[in-house]
Amino acid sequence: MIWTLVTFIGFTVLVAVISYLKTKGDDQTTADGYFLAGRGLPGFVIAGSLLLTNLSAEQLVGTNGQTWLVGMSPMAFEIVAAPCCIVLALWAAPRYLKGGITTIPQLIGQRFGRSTKLWFSIAYIILYLVVQIPVILYSGSLVFENIFHVSDIFGLSTFGAVVVLCIVISIVGSIYAIFGGLKAVAVSDTVNGVGLLIGGFMIPFFALHVLGNAAGYDGVAIVDGFKYLAQTYPEKLNSIGKLTAEAPEVPWITVFTGLIFLGLQSWCTHQSFIQRVLAAENLKEAQKGALYCAFLKIIGFMYLALPGVIAYALFELHGNQVSMMDAAYPQLVTEVIPAPLMGFFAAVMFGAILSSFNSVLNSVNTMFTMDIYHEYINPEASEMKLVQVGKNIGIVFAVATTIVGPMVYFFPAGLKTFLDSFVMLIGLPVLSAVFGGFFFKYLPQYAAKLIMVFHIICYGLFLIIAPQYPVVGGSIHYLYAILVLWPIELLIMAFLNYKNKKDHPDMEAWEQEDVHAVDMTPWRYRKVCAVAIIALCIIVYAAFSPLGLGA
């Protein structure tokens with residue numbers, strides 16, 4: 001236990017020291033310096049920060065819990081992220097950097113007016129404070145409770161341990177996000193990203209080794225473990241979900257439709273992701289970062305999906321099968337990680353949790369400060385004042401979400417399924433406003449508001465009513481709702497665009513202004529990388545299908 005604590009504290013302190021040294025002396029007295037790291041992030045830092053912003057205990061626990069329950073079809077959330085990163089690199093990043101924006105609501109405001117900007121800013125802030133940050137805090141606390149058994153050490157209930165851990169994570173994470181700014185968050189993400197790749201890949205290899213020994217084969221344990229898995233549970237290795245699948249299983253047809261739409265929302269319009277790209281030194285580095293991240297997401301199934309399937313097979317052999325999918329990954333970790341490495345792995349997990357918490361907290365601070373405070377409360381505020389407001393409101397938001405976080409303990413559904421389904425209540429209208437705003441040049445300014453109201457009503461009713469599949473029964477997957485709603489919303493925008501142009505024949509098409517914030521020369525290898533990424537996606541899907549391991 002002492003060695004575990006020493007290695008945990010050692011790696012955690014190492015990340016803090018590196019982050020401090022890399023940000024020491026940076027100018028954090030301006031809004032760009034604090035919220036956008038002075039627009040100076042290189043590609044590899046952007047890639048690491050994008051990966052760690054996306055990946056937290058919510059992903060590790062949630063996705064592996066899903067694959068424990070239904071097999072490999074949820075790996076689609078990782079693989080589909082890669083083509084979405086291509087869209088970010090080749091289509092979205094050039095437009096965002098051209099406009100020199102700080103937030104996505106700012107872009108929506110440029111296109112649809114000041115009041116629309118306020119609508120979307122408030123909606124985003126509510127989503128982050130009520131759903132995303134609390135889930136990040138809770139899932140991180142759950143992992144630490146299962147690894148370190150904090151409740152046993154301090155004589156607490158499980159819920160009591162979750163409360164304590166939420167507070168600890170919030171305090172440490174806030175130091176980075178509030179007092180270090182985006183640069184400190186991005187640098188710590190990159191260092192933690194290296195640790196995550198090492199620690200994350202340890203789990204499936206150690207787990208296969210244990211499985212091979214438990215299966216009683218005579219060869220190399222890791223190979224024997226994979227052989228046992230493929231021979232005994234091939235259906236678990238099939239990533240092609242049936243058409244009538246219920247969440248968390250992913251129907252195969254939605255992978256190329258609804259899930260793509262969900263991925264575009266996450267990787268191309270989600271403020272906490274996009275803020276790293278907005279902070280790029282130039283377009284070339286932004287494109288490098290997005291495409292590097294795409295490669296990292298493709299191999300992510302190795303530690304985000306495969307361990308869940310291995311856990312199912314191993315627990316069946318040991319006769320200690322868990323009853324809840326959110327408990328599968330933590331139990332696997334405690335069973336397969338050698339004691340000397342537990343501290344390092346815990347530090348890696350802690351870093352992943354902090355990275356997501358830091359990123360979202362930094363983003364919500366940015367949106368409140370720049371889109372609400374600076375726009376409506378104090379338009380004459382100095383750069384120093386904006387930075388101070390960002391730090392102060394960050395403290396308020398951190399306290400609020402720390403109070404809400406433990407309440408997720410009482411939510412009956414799986415973490416990942418809950419977050420993915422609910423986030424689209426706000427996420428899809430944002431996607432429609434951004435993409436539709438660029439596609440259709442003659443939209444009236446009320447268009448984005450109309451789409452938001454339409455979507456919240458329709459998707460909200462879908463979540464409340466929970467309609468059933470005809471004949472076979474079972475709740476219709478939320479990705480089908482997204483599959484239907486986004487094309488409808490774009491069609492509504494197309495009609496509004498046509499009607500507005502017809503009613504105002506002299507109206508000029510909207511054109512985005514180039515503010516020359518950064519150098520806009522693109523990366524010369526961007527298209528080659530994009531082709532390689534698509535090819536790798538096809539190979540991975542073929543491997544985990546009835547044509548390969550899922551036969």
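Here, the structure is the one placed above.
Residues numbered from 1 in each chain as written. Predicted model: local features only at pLDDT ≥ 70, side-chain atom pairs only at ≥ 80, totals over all residues. Heavy atoms only, no water.

By the secondary structure assignment, Thr103 is in the loop between helix H6 (81–99) and helix H7 (104–112). On the basis of relative accessibility, which here comes to 0%, the residue Thr103 falls in the buried class. Within polar-contact distance, the side chain of Thr103 engages the backbone nitrogen of Gln106 at 3.0 Å. Beyond its immediate chain neighbours, meaning those up to four positions away, Thr103 contacts Gln271, Leu278, Thr366, Met367 and Asp371. (Helix = DSSP H or I, 4+ residues; strand = E, 2+ residues; numbered from the N terminus. Buried < 20%, exposed > 50% of the residue type's maximum accessible area, 1.4 Å probe, protein only. Polar contact = N/O pair within 3.5 Å; in protein donor to acceptor, adjacent residues only side chain to side chain. Contact = heavy atoms within 4.5 Å.)

Judged by nonpolar contacts, the single largest core of 188 residues is most densely connected at Met72, Met75, Tyr96, Leu229, Leu361, Val434 and Tyr459. A per-element tally of this core places helix H20 (residues 339–377) first, with 20 residues. When sequence neighbours within four positions are dropped, the list of residues in contact with Met72 reads Thr67, Lys236, Leu237, Asn238, Ser239, Phe301, Ala305, Leu306, Val309 and Phe544. (Core = buried A, V, L, I, M, F, W, Y, C linked by side-chain atoms within 4.5 Å.)

Another point: the packing of aromatic side chains. Applying the stated criterion across every chain, the model contains 23 aromatic pairs. Plain terms: the ring middles of Trp267 and Phe273 are 4.8 Å apart, the flat faces sit at 65 degrees to each other, and that makes the pair edge-to-face. In this structure Trp267 comes out as buried when scored by relative accessible area, which is 3%. On the accessibility criterion, Phe273 (6% relative accessible area) is buried. (Phe/Tyr/Trp six-rings, centres within 6.5 Å; stacked < 30°, edge-to-face > 60°.)

Turning to its location among the elements, Lys288 is positioned in helix H16 (residues 283–298). Those residues within four positions of Lys288 in sequence are excluded, and the remaining contacts are Gly43 and Trp523.

Another aspect to go through is the pattern of salt bridges. Considering all chains together, one arrives at 8 salt bridges under this definition. One salt bridge in this structure joins Asp371 and Lys117, with 3.7 Å as the shortest N-O distance. Placement of the pair is Asp371 in helix H20 and Lys117 in helix H8 (residues 114–148), with a sequence separation of 254 residues. Lys117 carries the same exposure label as Asp371, and that label is buried. Between Lys242 and Glu249 there is a salt bridge; the shortest N-O distance is 3.1 Å. You can call Lys242 partly exposed: its relative accessible area is 48%. Accessibility expressed as a relative area gives 14% for Glu249, which makes it buried. One continuous salt-bridge network, built from bridges that share partners, spans Arg114, Lys117, Asp371 and Glu375. (Salt bridge = Lys/Arg side-chain N within 4 Å of Asp/Glu carboxyl O.)

What follows concerns the packing of helix H11 (residues 181–215) against helix H12 (residues 221–232). Relative orientation of the contacting elements H11 and H12 amounts to 80 degrees, with a least axis distance of 6 Å. Considered as vectors, H11 and H12 are oriented roughly perpendicular to each other. For the pair H11 and H12, contact is made by Phe205, Leu208, His209, Leu211, Gly212, Asn213 and Ala215 and by Ala221, Ile222, Asp224, Gly225, Phe226, Tyr228 and Leu229, respectively. Residues that form the contact of H11 with H12 fall into these classes: 9 nonpolar, 4 polar and 1 charged. (Axes fitted to C-alpha atoms, helices over the stretch in contact; angles between N-to-C directions. Parallel < 35°, antiparallel > 145°, perpendicular 65-115°, else oblique. Nonpolar A, V, L, I, M, F, W, Y, C, P; charged D, E, K, R; others polar.)

Let us now look at the layout of surface pockets. Space inside the largest pocket adds up to approximately 640 Å³. When residues of the lining of the largest pocket are traced back to their parent elements, those giving at least two are helix H1 (2–23), H8, helix H9 (150–154), helix H10 (158–179) and H20. A per-element tally of the lining of the largest pocket places H10 first, with 8 residues. Residue classes in the lining of the largest pocket are distributed as 21 nonpolar, 5 polar and no charged. (1 Å grid on protein atoms, 1.4 Å probe; cavity = no way out; pocket = protein on both sides within 12 Å on 5 of 7 lines; lining within 4 Å. Points joined across faces, edges and corners; volume = space filled by probe spheres on them.)

With that out of the way, let us pick up H1. Compared with an ideal rise of 1.5 Å per residue, which puts 22 residues at 32 Å, H1 spans 32 Å between its outermost C-alpha atoms and is within 8% of the ideal. Of the positions making up H1, those classed as buried are Thr4, Thr7, Phe8, Phe11, Thr12, Val15, Ser19 and Thr23. In a view along the axis of H1, the buried residues occupy a sector of 130 degrees, so they form one face of it. Turned more than 90 degrees away from the buried face of H1 sit Ile2, Trp3, Tyr20 and Leu21, all of them exposed. Looking one or two residues beyond H1, the residue adopting positive phi is Gly25, at roughly 90 degrees. (Expected span 1.5 Å × (residues − 1). Arc of directions from axis to C-beta.)

Remember, this is a structural readout, not a statement about activity or role.
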